[in-house]
Each structure stands twice: as structure tokens, then as C-alpha cells.
Amino acid sequence: MKLQSSWERFVLYGEKDNSVRKEVFESWNRCKQLGVPYELESVSFPIDQHEFSKRKQSNRILLNAALPVIKDLSNKLSGSRYGYILVLADSEGYLLETMANKKAQKFADRQGIYPGVKWTEDHVGTTALSMALRNHSAIAVSTYENYCKGFQIWGGAACPIIVDREIFGVFDICRTESKSDMREINSISVASAQAITERIRYYKSKIRQEIIDQTFEYSSNTNLESTGVILFDTNSQVIHKNKVALNFVNLLKEDNERDNPNLKSFSILNHVQKCHGETGEIILQDKPYFIESKELTLSGSNIGTLVFIKEQQESEKKYFHLNESPIENQSQIDIKFQTQNTHFLKTINIAKRVAKSSACILLQGETGSGKDFLARAIHEESARRNKPFFAINCAAFPRELISAELFGYDAGAFTGAKQQGNRGIIESANGGTVFLDEIADMPLDLQVVLLRTLEEKQIIRVGSSKPIPVDVRFIAATHKDLKSLVKEKAFRDDLYYRLSTFTINIPSLRERLEDLHGLIKMMVTSSCKPIERKPITFTPAAIEGFKKYLWPGNLRELRSIIERITYLHDEDIFDAEHVEQFLEMDRARLGIQGEETEEKQIRLVLNQVKGNRAEAARKLNISRSALYRKLEKYKIDS
């Protein structure tokens, strides 16, 4: 009771009691100076859901590392006679996760202790978490050491999570028993924080290795003496850039300072963001530079961005990442797409014919089947070939950014907008082509704006009312069934009909296996040349082994595997015995043998998933509507 009396005398009369721990008294004093109400019973004003989602995304490494530890501890404490709550906060004190047993949950609900609230001294006063966060050290705080009266039911112990001198957050464990031994929960808190720290350290090491591997993979076919390479982390900070990239960045800074003399900060990635995940062009000092940007991912999460930069020379081909020399008067589509497959040959011929028009084109095909390459080839085949080609992945941008990216914005359109405004992709591509990848993921309200642009051939920047005429050819692409989305009211029918003036369906790799040998030869030659290695010979048995694989990632997956073979396979001959090693067939192959038909393949997969059509479609890497058509075609009753 002495500590309770000391707290009351301090908050009421400002009296100091030397029996109160120094660090606790200093925290009380700060709280008083900050005007934190000692009568506070609950937390208020959590951040909104959108801001919370962004915060979780930026702390995904912390969450991925911490959640298994917290869940395990929560399960162990669930039947305790005490009330326990486990709390994870980020480096700014925002709660990312809370887990409580039944005894503690009623108090937590009453006090507003849930993800999204800020748990710092200026918000909640002296607590174990707020002190650990401020002092960057572990601490246990008993009930009456908490500054605010409402939180004095809790005794807590918190420990910061620090990796390589960087604080990721704080782990906190609180208990409702006022007379309990604080040493026990302090030990649990420190041990849990250490476990989370080790998991983060391991995950960061895994990320570093993955970044190295993917950078190596993407740049293996690139001449680094003439191509700039910049590697960004998830915070858009430069991790690495070569000499060519450094010269480009200096030019970019000079150009930026000339246009924005009062601008205090400069972000390289902002200037190439329009090309994120795709390709585009930047003009500097009257010279065109082609940009190709690759998103690096691990388990579906972004871990960095790799950007290639090349100054376009008159004698060079538009797309610097392709090493072949152009053949005069030969179709760009024929150069890039060579096939022995009758169905795909028809697709190519259609693409060559519609390239000469300025009407919209819709490309449909599975992920990795080459939709982006065909879009570029159609642009090169068209009368717009000497005008800009811009690509945007509609699924890669947050909803609130895609409008500004596509249509641009005027000065003062929103917080952080450039003083002189900014041209969007459509305006920048005037006279050329805009490739809208993953069009099915475009928000419905923006579909209305895009439709108006298509019909009126003009755009209106965000924050403006002035129409700007544009002459742009649109090519859209998706791996989803747009007709089904239209029926489900998830995609506008008027926009669908406008975009699909010409529809081109690109077959998957498993639907044109006769091309597999030729594709492998081409990719092996391309992959071996930069490292001056003799091309690897693939035996007929190895090719047959590849044909048994389903290729869910299509050409993109094949290219990745060939590059892996180039660097990791030491022999000049690649035989059947090596196939499983590189395809990881135990994991990915569905067991389809040799010449078995599509019908047998579908029946086998349906049997494996016990008739679950949605799961079968996912394993076959086709849409559910496509599966239904095939079931009807082969009269299969699942």
C-alpha cells in the first residue's frame, strides 16, 4: 500500500518519495509535464483501418517473426488462474497485436487495449511498454507504478526487440494479479523478445540471400558495363548502385534541381515509379533512357526493387533487355514469338493484324504466359513504334495512388503533391501505347474514369477540371475471366466491351509443349552467353521430363529454372536424372505422364482434390469458368 500512497501524493500534491524507483519517478514527472491525466481509465483514438493496414504492412517482418512466439505463449497461458494479455508494439508504440485469456480480455475491452492504439508515455503514461520503448531496455512495472489509475490493475514486463542496433518494436506481457512476483513475467518477457529477435535476424538473413539470388538471376543476361543497376529496399532506400546508375542518378538530380529549385528532398525511386514492375522511358537532357523495374519478392511479400537503366542509342533496339539484333523488315512479333503450335501461330497472326489498328486490345492468358512481351511486340509492330510505351500493373499500386499515376495531378491536389503538379502515365504516353496489366484489379470507380478517357480521348488530372487531349492506344491484360467478373458486377460491362475490341488469348506453356525444346535452347543460349559458358545440351529424356511438368508459372517459371540450371549445373549434359532436382517435382508435379490427354489430366487432378472444383482449377492454373467449360467438353461429372 506504500507505493499506492506514494503515487497518490505525487499526482495530487507533486510530492516526491525516495522509495519510488528513479526511472519510474522520472517517467511520472514527464507524464505530469506532458499533461497526461492520471485519472485516465481507457485508451482512445486508435488510427483508422487504412493507416493500421499500412502500418502492419511496413512491420510485416516483425509480425512474421513475433506471431508464432506470441501464439505459443498465449496457448500456454490460456488456462492460468491469472488474467494475462500479450502485446506487440512497433517502434513508434502502435499496438500491432494483442492476445488475452478470458480473465484479462474483459479488462482489455473496457480499456480499449487493442491493435491500432498508441501506447507511449504521452498517450497512456507510465507503463512497462512505454518505458521499454523510451529507454530501449527491459523493465517490469508493478500495478501502482503505472501512472494512470485505470491501468493500475496491471503488472507488466516489457522488452524491446532490437536487431543490429535497430529497434523493431516491443514485446509486453501484463498480468492482473497485483501481488504476483514480477520477476517471473519479466523473465518471460525477455525470453520471448529474444526469441522474436532471433527469428527476425534469421528472416533478414534469408531476405538478404534472396535479394542476392534474385538480383543475380535478373541481371544474368544484362551487359552491366552499359546498363545501370539500382537496388532499393522496401523503404525505397538505395542498397546498391553501379557506376552507370550513379551517372544516371546525378543527371536525374541535376534535372530535378533545375525544375524544382526549392525542393529539399530527392527520391530516386519516385522518378522511376511509373515503371514499377514494368518498363518505360525517362527523357534527360534530350536523351531517352529506358527503365525496367523488377519487384523482388519472398513468399509473396515485397523485399526490394531492382531497376535497370539504359541510355537508348540510335542503333539499338528499343528493349535493351533483349539481346537479339533486329531483323530488317521482319515482324517484331515474329522475332519474339516463334512457335510450332498451330493454335499459337493463329494467335500470333491475329496479333500482327490488329497491331496495325489503333483500337484497344485485350490480352488474356495465365500468369507468366508472355502477355507483357506480346504487348510490347504489338507496340513495336504498330505505327506508334517510335512513340512512348508505358506499362502499369493495376494490382501493384494502392487504390489511392493509381488514379494519380494514370491521370496525373495538379499542384496542391493532395498533401505531398509537387508544386508544379505531375503528368500521369496516359499523358506521358501521348502518341504511344499504354499497357494496363492486371486490368481486372482496377477499382470500379476508376473504371468509370478510364472509360471516359477512352470515349472522349482526353484526361483530367486529379485536382483539376481542365481536360487534356490525348492520343493513346490501350492494351489491357488479365489472367482472370473478365466475362465472369462482368456477370458478378465486379467489372464494368461497358469498359469490358470497349477494351475488348480485339481479344487475344495466349495459350499456356503446357498447351504448346511442342515449343518447349526450342524455348529451352533459346533460353540456355541466352543465359550461358554472358558468363562465357558453353551452352548446356539437354537430352531427349530431359526434355520429356520437362514435358511431364505442369508449368504453373509458364514462360516466367521456365526462364527462372533455366537460369538456375546455368549457374548450378556443373556438367555440359543435362539428363533426365537432373530434372527432379531442378523442378522440385515432388512438390509441384501432379504426376501427368507422357502423352496423357488433357481429359485424363483433369480427371486425375479432380480425383486428387476429391472433386473440389475450385481447388482443381487452382492446381491446373486455370479459371473456374475455364474448368467448367472443359468439364462440359469432356462430359466429366465431378
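Novice: Just to check I follow, could you spell out the overall build of the protein chain for this structure?
Specialist: Looking only at helices and strands, the protein chain has 26 helices and 19 strands in total. Classification of the 638 residues of the protein chain by burial places 51% in the buried group. Taking all contacts inside the protein chain whose residues are at least 6 apart in sequence as the whole, residues at least 24 apart take part in 65%. Accessible surface, the protein chain as shown: approximately 32,000 Å² in total, 47% of it carbon and sulfur.

Novice: Quick question: what am I supposed to make of the sheet that holds strand β1 (residues 84-90) here?
Specialist: Two orientations exist for strands paired in a sheet by backbone hydrogen bonds: parallel and antiparallel. Sheet architecture is open: 5 strands sit in the order β2-β1-β5-β4-β3, paired in antiparallel fashion. Edge positions in the sheet fall to β2 (95-100) and β3 (139-141), since each of these pairs with one other strand and no more. Taking each pair of neighbouring strands and ignoring which way they run, the sheet shows an average axis angle of 15°. In terms of strand pairing, β1 meets β2 through 5 bridges, oriented antiparallel. Its bridge partner being in β2, L88 is matched across the sheet by E97. Sitting on the sheet, helix α7 (residues 128-135) touches β1, β2, β3, β4 (155-163) and β5 (166-175), and the angle it makes with β4 is about 30°.

Novice: I keep staring at unusual backbone geometry and nothing clicks. Help me out?
Specialist: For residues besides glycine, phi is generally negative; the peptide bonds are generally trans as well. Look at H136: it is not a glycine, yet its phi comes out positive at around 55°. Residue position: H136 is located in the loop between α7 and β3. Of note, the phi angle at W551 is positive, near 50°, even though the residue is not glycine. Among the structural elements, W551 can be located in the loop between α20 (540-547) and α21 (554-568). Judged by its relative accessible area of 0%, W551 is buried.

Novice: Teacher, can you tell me more about the side chain of R384 here?
Specialist: Residue position: R384 is located in the loop between α13 (371-381) and β12 (389-393). In this structure R384 comes out as buried when scored by relative accessible area, which is 10%. Within the structure, R384 has its side chain in polar contact with the side chain of S358 (distance 3.4 Å). If we skip the residues at most four places from it in the chain, R384 touches S358, H379, G431, G432, T433, D471, V472 and R473.

Novice: I keep staring at the sheet that holds strand β13 (residues 433-437) and nothing clicks. Help me out?
Specialist: If you walk across this open sheet you meet the 5 strands as β12-β13-β16-β11-β17, and the pairing is parallel. With one partner strand each, in any of the chains shown, β12 and β17 (502-505) form the two edges of the open sheet. Sheet twist, expressed as the average angle between the axes of neighbouring strands with direction ignored, equals 20°. In this sheet, strand β16 (residues 473-478) lies alongside β13 in parallel orientation, the contact comprising 4 bridges. Paired with F435 across the bridge in β16 is I475. Where α13 meets the sheet, its contacts fall on β11 (361-364), β12, β13, β16 and β17, and the angle it forms with β11 comes to roughly 150°.

Novice: Explanation requested: a negative patch on the surface in the structure shown.
Specialist: A cluster of acidic side chains, namely D570, E571, D572 and E577, defines a negative patch on the protein surface. Within the element layout of this structure, E571 appears in the loop between α21 and β19 (573-574).

Novice: Before we go on, may I ask you to explain the side chain of T120 in this structure?
Specialist: Within the secondary structure, T120 sits in the loop between α5 (102-111) and α6 (121-124). When sequence neighbours within four positions are dropped, the list of residues in contact with T120 reads E92, G93, G125, S130 and L133.

Novice: How should I be thinking about the nonpolar core in this particular structure?
Specialist: Side chains of a nonpolar character, in soluble globular proteins, are inclined to be buried together. Ranked by internal contacts, the top residues of the largest apolar core, which has 36 residues, are W28, I85, L95, W119, L129, Y147 and F151. Every element with two or more residues in this core is listed here: α1 (2-13), α2 (22-34), β1, α5, α7, β3 and β5. Looking at this core, the element that brings in the most residues is α7, giving 5 residues. Counting residues in hydrophobic clusters, the runner-up holds 33 residues, among them C394, L406, L451 and L495.

Novice: What's the story with the environment of D334 in this structure? I'm lost.
Specialist: Relative to the helices and strands, D334 resides in helix α11 (residues 332-336). Residue D334 is classed as partly exposed on the basis of its relative accessible area, which comes to 25%. Distance in space between the C-alpha atoms of D334 and N349 is 8.8 Å, their sequence separation being 15 residues. Setting aside its immediate chain neighbours within four residues, D334 contacts I348 and K352.

Novice: Explanation requested: the pairing of β5 in the structure shown.
Specialist: The side chains of a regular strand alternate between both faces of the sheet. In terms of burial, β5 is largely enclosed, as 9 of its 10 residues are buried. Pairing analysis gives 9 bridges linking β4 to β5, with the strands arranged antiparallel. The partner of P160 across the bridge, within β5, is V170. Here β4 folds back onto β5 in antiparallel fashion, the turn holding 2 residues, of which D164 has a positive phi close to 50°.

Novice: Honestly, helix α19 (residues 516-528) in this entry has me stumped. Any pointers?
Specialist: Since one α-helical turn is 3.6 residues long, residues separated by three or four positions face the same way. Compared with the 18 Å implied by 1.5 Å per residue over 13 residues, the 18 Å span of α19 between its first and last C-alpha is a close match. Of the surrounding elements, those touching the buried residues of α19 are β18 (537-538), α20 and α21.

Novice: Just checking my understanding: could you explain the environment of V605 for this structure?
Specialist: Inspection of the secondary structure puts V605 in helix α24 (residues 598-608). According to the relative accessible area criterion, V605 is buried, its value standing at 0%. Note: C-alpha distance between V605 and E615 (10 residues apart in sequence) is 9.0 Å.

Novice: Sorry if this is basic, but what is going on with the packing of α19 against α20 here?
Specialist: Remark: α19 packs on α20, axes separated minimally by 10 Å, with the N-to-C direction vectors making an angle of 110°. Judged on the interaxial angle alone, α20 and α19 are roughly perpendicular. Crossing angle aside, the handedness with which α19 passes α20 is right-handed. Counted together, L516, H517 and I520 of α19 and I543, F546 and K547 of α20 form the full contact between these two elements. Tallied by class, the residues present in the contact of α19 with α20 amount to 4 nonpolar, 1 polar and 1 charged.

Novice: For this particular structure, what's the right way to read the state of the cysteines?
Specialist: Here, the word disulfide means a covalent bond between the sulfur atoms of two cysteines. Scanning all chains against the criterion turns up 0 disulfides. You can see C31 has no disulfide; the closest cysteine sulfur is in C148, sitting 6.6 Å from it.

The rules behind the values
- Residues numbered from 1 in each chain as written.
- Predicted model: local features only at pLDDT ≥ 70, side-chain atom pairs only at ≥ 80, totals over all residues.
- Heavy atoms only, no water.
- Helix = DSSP H or I, 4+ residues; strand = E, 2+ residues; numbered from the N terminus.
- Buried < 20%, exposed > 50% of the residue type's maximum accessible area, 1.4 Å probe, protein only.
- Contact = heavy atoms within 4.5 Å.
- Areas by Shrake-Rupley, 256 points an atom, 1.4 Å probe, with all protein chains shown as cover.
- Pairing = 2+ DSSP bridges.
- Axes fitted to C-alpha atoms, helices over the stretch in contact; angles between N-to-C directions.
- Polar contact = N/O pair within 3.5 Å; in protein donor to acceptor, adjacent residues only side chain to side chain.
- Patch = residues over 30% accessible without salt bridge, like charges linked within 9 Å, V, L, I, M, F, W, Y side chains within 5 Å.
- Salt bridge = Lys/Arg side-chain N within 4 Å of Asp/Glu carboxyl O.
- Lys, Arg positive; Asp, Glu negative; His and termini not counted.
- Charge placed at Lys NZ, Arg CZ, Asp CG, Glu CD.
- Core = buried A, V, L, I, M, F, W, Y, C linked by side-chain atoms within 4.5 Å.
- Expected span 1.5 Å × (residues − 1).
- Parallel < 35°, antiparallel > 145°, perpendicular 65-115°, else oblique.
- Left-handed = near helix turned anticlockwise from the far one by under 90°.
- Nonpolar A, V, L, I, M, F, W, Y, C, P; charged D, E, K, R; others polar.
- Disulfide = S-S within 2.5 Å.

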